[in-house]
Structure formats: structure tokens, C-alpha cells
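As a plain string of letters, each chain reads:
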Amino acid sequence: MSDPKNPLPGDQSIDATDVNLVDITPEQMLKLIRIRDGLEGAAANILRLTPDDIDRIGLNPGDVQRAVSLIEQYERIEALLPAAAKLFEMLTETRAVRAHELSLLFGEIAAQARRRGRRDARGGEIMGPLAELFAYQYGPAQKAVATRAKSKTKPSGEGDRNA
């Protein structure tokens, strides 16, 4: 693992506290001017300017300094993005794997409790605390059964997608 200030793709810690981050809406994003090819060369021109160049060209030193600051921030963000993108990818994939593992365990736990609850005289006490788990686990199947039953009560031709 590298330094969080200079992370590499795959690192789990990224320190972007030195970047003044902004949060804008998708509508605002659509209004922004897009970067084109040649940004690096244009930025290098600005970074190479000496105070004599700035005077000779007649540029506002404050504008040049602001441009230098923005270039540095842009380059810093560019350096952080590959590690942040990989971290986002890894978090998304890990969440999917954990959800999969949870689904398998939920199914097993629900099946165990259901078997035990059906065999035991106090089945309600056994299954009661897991009502939300049962609703989550068996809800889609119950909905499918209800849908099939509903479609069987319709006259022939209605609701038949394969006709």
C-alpha cells in the first residue's frame, strides 16, 4: 500500500483533504465547458510564464496565479482519480459479494427456522422474531404465486403473453 496522499489503484485509503471538492447537480454538470485535447500543453504554457513574461504580455498577475492554482488542483485530482475509481469499483463489487453471501445465509436461516417452527408446538414463538426475514425471503415467491393464481382466473386470452 502506498501513501494515502499519493494512492495507487487498489489502495483502500485515499486522502484528498488537500483538494477543495465541490458537489454539483447533474444539470449543473451539463453546463460546464468540457476539456479538449491540448490541455496539458496550454497548462504548461501558463506554468512556464515568468513574472517578466506576464508584464511583457500585459496579463493580470492575479489571473495567472489563479490559473496556476487551478492547474495544480486539476493535476492533483487527475492523480487521485485512478485510485478513487478502483476503490469505487472494489467497494461496488464487495457490496455485491456481501449481498450475495447475505442472501445465501438469509435463505438458510429462514429455512432452518421454518423447519423448526413447523415441527415445534411453539412454532409462532420460534418464527415470530423472524417475520421480516420471512417477508424478505419468501415475499417474491408469494407474489409470484398470487400473480399466477390471478392470471388463471382471467378469461382465456387475457394476460396470456405467449398468445
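Everything quoted here is computed from the prediction, not taken from an experiment.

A. Region of interest: the side chain of Asp 53. In this fold, Asp 53 is placed in helix H3 (residues 51-57). Here Arg 56 takes part through its side chain, which lies 2.4 Å from a polar atom of the side chain of Asp 53.

B. Spotlight on the pattern of salt bridges. Counted under the stated rule, the structure contains 9 salt bridges. Notably, a salt bridge pairs Lys 86 with Glu 89, separated by 3.3 Å at the nearest N-O pair. Of this pair, Lys 86 and Glu 89 both sit in helix H4 (residues 61-119), separated by 3 residues, roughly a single helical turn. Salt-bridge contacts for Arg 98 lead to Glu 101; the nearest nitrogen and oxygen are separated by 3.6 Å. With Arg 98 and Glu 101 both in helix H4 and 3 residues apart, this pair spans about one turn of that helix. Residue Arg 98 is classed as partly exposed on the basis of its relative accessible area, which comes to 46%. By relative accessible area, which is 36% here, Glu 101 ends up partly exposed. Via salt bridges that share partners, Lys 5, Asp 15, Asp 18 and Arg 76 belong to a single interconnected network.

Calculation notes
- Within every chain, residues take consecutive numbers counted from 1 along the sequence as written.
- pLDDT decides what is reported in this predicted model: residues at 70 or higher carry local features, side-chain atom pairs at 80 or more are listed and counted, and totals for whole chains, interfaces and linings draw on all residues regardless.
- Water and hydrogen atoms play no part in the side-chain values, which are based on all heavy atoms of the structure.
- Only DSSP runs of H or I reaching four residues or more are called helices, and only runs of E reaching two or more are called strands; each is numbered from the N terminus.
- Nitrogen and oxygen atoms within 3.5 Å of one another constitute a polar contact, given that in protein one can donate a hydrogen and the other can accept it, and given that sequence-neighbouring residues count only through two side-chain atoms.
- Salt bridges are defined by distance alone: a side-chain nitrogen of Lys or Arg within 4 Å of a carboxyl oxygen of Asp or Glu.
- Burial classes: relative accessible area under 20% of the type maximum marks a residue as buried, over 50% as exposed, and values in between as partly exposed (1.4 Å probe, protein chains only).

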